Amino acid sequence: MNQSSRFNNALTAFYKTIILVLLLVTPALNADAKWWIFGQSDVGVSTRYIYINDLSYDELGNKVTFYQESLPDGKIFIRGKGSAGKNRIGAVQVSLDGKETWQKAQVANDGSFIYSFTPEVGQSYEVYVKVLDTTGKSNDVDASRKELLISDESMQDQVYKTLDQLVKAYRDEDSFAFMRLVSDQFVSGTAILDSAIRNDFTIFDNIQLDYTLNNVTSANNGNLFAFINFSRMVTSSRSGETFSDQASTEFIFRLENSVPKIYSMKSPLIFGLSDAGNVATGVVNTGENNQILIVSDSGEISLGSVNGIAGSGSGSVPLPQNLTVEDFIPHHIISLGFTVLPDVVGNSDYEMVLEEALSVSGPWIEVYRHTLDTSEINNFTSDHIAHGDGPLLYYRIILEKVSDGDRSDPSNVVSVDNS
Amino acid sequence: MHCFLPKSPKLPISVMFLFCVFLTPPVFAGNLSIWNDTSVIMTDLSGPGQSSSSLTEGLRHYSVLDLKSRGKLSAYDYSLGFGIKATNDERRDSEEISLTTLKGHFSNRINTLNVGDTYESFSKYALNTAIKGASYRYRNDGNKLPEITLLGGVAYSRWDNFWDNDATERKLYGARVKQNLMQNLWLATSVVSIKDDDSYFDSPLYDGNTLTFDLEYQPLPGLTIIGETSFSHIDEENATSGVSKHNGQAYRLEAIGDQDPSRVVLEYERISPDYLSIAGSATADREKFKASWRYRYTRKLTINSAFLWYRDNLDGQLAVRTQHYKPEISATLQQLFSRRYAIATLGYKMDRSYSSAVSTQNHFVTASYRDRFGVFDSTTNVGVTLYETKTVTDNDEFIANTSVTARFTQGNIIWKPAIYLGTWRSDDELNDDIDYIYDYSVGLGCDIPSKKITSKLKVGKHKLLKESADDSARLYASLDVYYRPKLMAQLKNSTLYLRGLVNDYEYTTSSRDFRENRVTVGFKIRF
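Not measured: the values here are computed from a predicted model. (Residues numbered from 1 in each chain as written. Chains lettered and ligands numbered in written order. Predicted model: local features only at pLDDT ≥ 70, side-chain atom pairs only at ≥ 80, totals over all residues. Heavy atoms only, no water.)

**What about the overall build of chain A?**
So, step 1. Broken down by element type, chain A carries 5 helices and 23 strands.
So, step 2. Each of the 419 residues in chain A was classed as buried or not, and the buried ones make up 56%.
So, step 3. Summarising the internal contacts of chain A: among those between residues at least 6 apart in sequence, 61% fall at separations of at least 24.
So, step 4. Accessible surface, chain A as shown: approximately 17000 Å² in total, 48% of it carbon and sulfur. (Helix = DSSP H or I, 4+ residues; strand = E, 2+ residues; numbered from the N terminus. Buried < 20%, exposed > 50% of the residue type's maximum accessible area, 1.4 Å probe, protein only. Contact = heavy atoms within 4.5 Å. Areas by Shrake-Rupley, 256 points an atom, 1.4 Å probe, with all protein chains shown as cover.)

**Points about the sheet that holds strand β9 (residues 124-133) of chain A**
Residue and element names in this part refer to chain A.
So, step 1. Taken in spatial order, the 5 strands line up as β3-β10-β9-β5-β6 in an open sheet, and their pairing is mixed. Strands with a single pairing partner mark the edges of an open sheet, and in this sheet they are β3 (63-67) and β6 (103-104).
So, step 2. Where strand β5 (residues 89-95) meets β6, 2 bridges bridge the pair, whose relative direction is antiparallel. Counted as the bridge partner of V94 is Q103 from β6. (Pairing = 2+ DSSP bridges.)

**A few points about the sheet that holds strand β11 (residues 204-218) of chain A**
All names here are of chain A.
So, step 1. In spatial order, the strands read β11-β12-β13-β14; together these 4 strands make up an open sheet with antiparallel pairing. The sheet is open, and its two edges are formed by β11 and β14 (259-265), each paired on a single side. Mean inter-strand twist for the sheet, computed between neighbouring axes without regard to direction, equals 35°.
So, step 2. The pairing of strand β13 (residues 242-256) with β14 spans 6 bridges and is classified as antiparallel. (Axes fitted to C-alpha atoms, helices over the stretch in contact; angles between N-to-C directions.)

**Regarding the interface of chain A and chain B**
Frequently, the measure chosen for interface size is the accessible area removed from exposure when the parts meet.
So, step 1. Counting residues at the interface gives 126 residues for chain A, matched by 130 residues for chain B.
So, step 2. At the junction of chain A and chain B, the tally comes to 4 salt bridges.
So, step 3. Across the pair B:R92 and A:D210 runs a salt bridge, and its minimum N-O distance is 3.7 Å.
So, step 4. Between chain A and chain B we count 31 residue pairs in polar contact (both at pLDDT 80 or more) in total.
So, step 5. The residue makeup of the side of chain A that touches chain B, split by class, is 41 nonpolar, 56 polar and 29 charged. (Salt bridge = Lys/Arg side-chain N within 4 Å of Asp/Glu carboxyl O. Polar contact = N/O pair within 3.5 Å; in protein donor to acceptor, adjacent residues only side chain to side chain. Nonpolar A, V, L, I, M, F, W, Y, C, P; charged D, E, K, R; others polar.)

**Some words on the packing of aromatic side chains**
Residue and element names in this part refer to chain B.
So, step 1. The final tally for this structure, using the stated rule, is 24 aromatic pairs over all chains.
So, step 2. Between the aromatic rings of Y325 and Y354, the centroid separation amounts to 6.4 Å while the plane-to-plane angle is 10°, which identifies the pairing as stacked. Of this pair, Y325 sits in strand β16 (residues 323-334) while Y354 sits in strand β17 (residues 343-354), and the two are 29 residues apart along the sequence.
So, step 3. Here F376 and F408 contribute two aromatic rings whose centre-to-centre distance is 6.3 Å and whose plane-to-plane angle is 85°, an arrangement assigned as edge-to-face. Taken together, the positions of F376 in strand β19 (residues 376-389) and F408 in strand β21 (residues 408-410) put the pair 32 residues apart, joining distant regions of the chain.
So, step 4. Against the face of Y125 rests R252, its NZ or CZ located 5.9 Å from the ring centre.
So, step 5. Over the ring of Y341 we find R372; its NZ or CZ atom is 4.2 Å from the centre of that ring. (Phe/Tyr/Trp six-rings, centres within 6.5 Å; stacked < 30°, edge-to-face > 60°. Lys NZ or Arg CZ within 6 Å of the ring centre and 35° of its normal.)

**A word on the pattern of salt bridges**
All names here are of chain B.
So, step 1. A complete count under the given rule lists 45 salt bridges over all chains for this structure.
So, step 2. Two residues, D93 and K85, come together in a salt bridge whose shortest N-O distance is 2.9 Å.
So, step 3. Exposure remark for D93: the relative accessible area of 3% places this residue in the buried category.
So, step 4. According to the relative accessible area criterion, K85 is buried, its value standing at 1%.
So, step 5. Put simply, D160 and R158 hold a salt bridge, and the shortest N to O gap is 3.0 Å.
So, step 6. Relative accessible area serves as the criterion here: at 3%, R158 is assigned to the buried category.
So, step 7. A single salt-bridge network, built from bridges that share partners, covers K124, E267, E269, K288 and K290.

**Structural notes on the nonpolar core**
Grouped burial of nonpolar side chains is what soluble globular proteins tend to show.
Residues and elements named next belong to chain A.
So, step 1. Core analysis: the biggest nonpolar cluster contains 56 residues, and Y170, F178, F251, I262 and F271 have the highest contact counts within it.
So, step 2. Residue contributions to this core peak at 8 residues, all from helix α2 (residues 155-171).
So, step 3. The next biggest cluster of nonpolar side chains, apart from the first, holds 26 residues, and it includes V45, A105, V131 and L148. (Core = buried A, V, L, I, M, F, W, Y, C linked by side-chain atoms within 4.5 Å.)

**Side note on the environment of A:S375**
All names here are of chain A.
So, step 1. As for its position among the elements, S375 is in the loop between β20 (365-371) and β21 (376-381).
So, step 2. Counting along the chain gives 23 residues from S375 to M352, while the straight-line C-alpha distance between them is 8.6 Å.
So, step 3. Setting aside chain neighbours within four positions, we find S375 in contact with L336, G337, F338 and V345.

**Re helix α4 (residues 190-203) of chain A**
Residues and elements named next belong to chain A.
So, step 1. The terminal C-alpha atoms of α4, which comprises 14 residues, lie 20 Å apart, in line with the 20 Å expected from a rise of 1.5 Å per residue.
So, step 2. Counting buried positions over the 14 residues of α4 gives 12, a clear majority of the element.
So, step 3. Turning to α4, its buried residues number three or more, namely A191, I192, L193, D194, S195, A196, I197, R198, D200, F201, T202 and I203. (Expected span 1.5 Å × (residues − 1).)

**What to know about the pairing of strand β4 (residues 76-83) of chain A**
Residue and element names in this part refer to chain A.
So, step 1. Of all the 8 residues making up β4, 7 are buried; the element is thus mostly covered by neighbouring parts of the structure.
So, step 2. Relative to β4, strand β1 (residues 46-52) runs antiparallel, the two sharing 6 bridges. From the neighbouring strand, S46 faces β4, where its bridge partner is S83.
So, step 3. Looking at chain direction, β4 and strand β8 (residues 112-117) are connected through 6 bridges and run antiparallel. Within β8, the residue paired with F77 across the bridge is S116.

**Here we look at the side chain of B:S441**
So, step 1. Mapped onto the fold, B:S441 is located in strand β23 (residues 433-448).
So, step 2. Beyond its immediate sequence surroundings of up to four residues, B:S441 is in contact with B:A418, B:I419, B:Y420, B:K458, B:V459, B:G460 and B:Y476.

**A few points about the confidence of the model for chain A**
All names here are of chain A.
So, step 1. Averaged over every residue, the pLDDT of chain A is 78; the share at 70 or more is 80%.
So, step 2. Counted against residues more than four places away or in other chains, residues 24-42, with its pLDDT under 50, gives 40 contacts.
So, step 3. A low-confidence stretch, residues 308-315 stays under pLDDT 50, and its non-local contacts, those more than four residues away or across chains, total 22 contacts. (pLDDT = per-residue confidence, 0-100.)

**Observations regarding empty space enclosed by the protein**
So, step 1. Taken as a whole, this structure holds 10 cavities of 30 Å³ or more when the rule is applied.
So, step 2. For the largest cavity, the calculated volume is near 70 Å³.
So, step 3. Together, 13 residues line the largest cavity, and A:K266, A:N285, B:T129, B:A155 and B:R170 are the ones closest to its centre.
So, step 4. Classifying every residue of the lining of the largest cavity by side-chain character gives 7 nonpolar, 3 polar and 3 charged. (1 Å grid on protein atoms, 1.4 Å probe; cavity = no way out; pocket = protein on both sides within 12 Å on 5 of 7 lines; lining within 4 Å. Points joined across faces, edges and corners; volume = space filled by probe spheres on them.)

**Some thoughts on the environment of B:R70**
So, step 1. Mapped onto the elements, B:R70 comes out in strand β2 (residues 58-73).
So, step 2. The sequence separation of B:R70 and B:F106 amounts to 36 residues, and the corresponding C-alpha distance is 9.9 Å.

Encoded structure:
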């Protein structure tokens, strides 16, 4: 792709993002919008934003549990910014006991404030934030209510609870219960994961899953890294065959209303493996080379190894391109040529697989397989699946890694008239 | 890190010993907590098809020990963590004894140092994985200097990779500078460098850098705009195809409006095919637009709707481009028919994908109803799914299940009976096959709060009836008993437990039959 088209693509995307922002901000600026209540900041006193230990107030529910071990220096920090239109912010007060008593927060000239306290484990705090301007007007104090619970349970306990519920929902094939434990911000998209696990439930039966949690490490923004080992057994609902595997994998969880929810997953996947390429972001680096369950696009289950970076096409298998018909005699022979990276030709690690179909949309049938000693197929007998005159025949090439069966994406499709 | 931790099979023991020595002084000065879960598992497998089982036969043990210590050293708060795991069940871990956690955290509110297990979440694209190494963060809310984070280490998944079971040595260094430009706007720049050594099992090696800018802006109360753009320059070395260079870009813009009664999220993302995210989270070769709207129409009625579109082949490097559309809508109504505990949900999702090579259209219709009738809690789910992949699949599925649980108190005993019934029917019109699954079970929970005992017994059967392959049936039974004795005043959450499990698999082909019997006895202690 040349620089000019890259620039055009970037420019197009830039315009799209501008349009998106305008689409969003325009209704937001309309204070009379019935379903969208904004603009309170222009009149009266309000809080423009509040954070509790780097978590946005707006993103938290009414009840929030903080875990002692995740508190920075054992403290809760409430920081935010007040707004009073043309007036200045005079004071900010915080109540921890349901408006019984009020504590002063430190306030800067621009209305930003910070308040911190060291909570007691097992205690609950009914928090209100009162912002006062210099004329004594205050914000809607009741709207700032949060109930904070301080738990001495470890983050590891919380991850255990979430994983137990996820495993149970997955074994019970309950997509409702499962998706409740997936973050709205799931990196690969909640809709993609939802479709993938529903497909898992169609493809798998009798799911048996056992896991052990190795390590949980928390980041300062509330994200949690978890490394686990798992073993599982499933029955293919198509073939009735039973498959089992074991491996290690990594999750990132995101705390939402005090519950760790799945934010991203790496290959090998435990959940959503029927669309592994789109669901997983990355591959674990453990040095293990276990045979793990792999689900093909057509829903067939096999055992193979995970390699390369999931989600970046077909990993390290080169793509065959520019498939062309060199020669063709109806009902007799066909010769094809294609291009691929020069150093791959002659490499015994790969095989070329020729597929034939009666329609461009398939189904595709493997009709020829050979070591990749050349990028040509000469005088191959055609007509494997067509009998009689008439139909067009379609061909495409796929490269397959001999060691693990990893496949490239298909080449372009060529057709010949078999009349 | 290797200079500190040379490869040696004896290292685990020495590291553990050194860490214990290191931990001992602060342990007595600070606040120590210990968590231990130890169990013995006896598994018996029988039948000709027992090799299919995912359980390990014989007597196995499994034990996890975590030590945590908190305290104060001069102006610095610290916390230390150390964890080990021991098992002789290879399916649970390939290592008999392994170090699971080794970390230290020191902070005086302005300067923070993490060593050992370190997880700094820079941003979605830049860095979103844990490392074994160290990080330092400077953050002072009292002045206008930027927040600075530095880290370095090796992106191994487990500590064992330092001395055996070797993985690719992925050295990772990063820096992030975050500056508040205004009180409601911050901007950050992150640089992450990766250098791989020692390829295992032909995994590709990566060497390169990622430069990322991200920002968050809150122009109005309830409205947040997040932007991120990232440039990666990474060389990928494959054993067969040599070195290939990947210079890619990723960017996203997200707007979140959250104020009752609505929550609206709009997101646009474009990740070029050559953008490799080794330490962050991104799916290459994707252009995506997502919109979701949760609208609380009344206190009782909430409507969720969402739309996702994405496509690949952004640079025309593939033979075909696949487009995906996934719209969905659902409504949740509480207190239906004026019943206090009734919650009904009705949802529809479509999953459409098409290209010149494939065309798929799936429809999911689901309904659920939850209610309470006296002492009985009931949940019923019904779903219909239509799958259509042109010329490959054309089938429909029906799924329905219902569960009823109850709770009776009789003196000091709480009884919790449960019944579950479920069915699934799949009609494959192309192959003219109809398959069924039936699942039914009964359970009985028995809690004695005064004795700190909870227990649950469950028995059921799961049958898969295939028209063109082996039928299978699994008869299962499980028993879980937990006893929380008050042993010592300082012991919290100590639990003794007993778990039993029986799975009896039967197939049409009897040579595949097998049976799993497993008994687990263990205890958990925390103090």
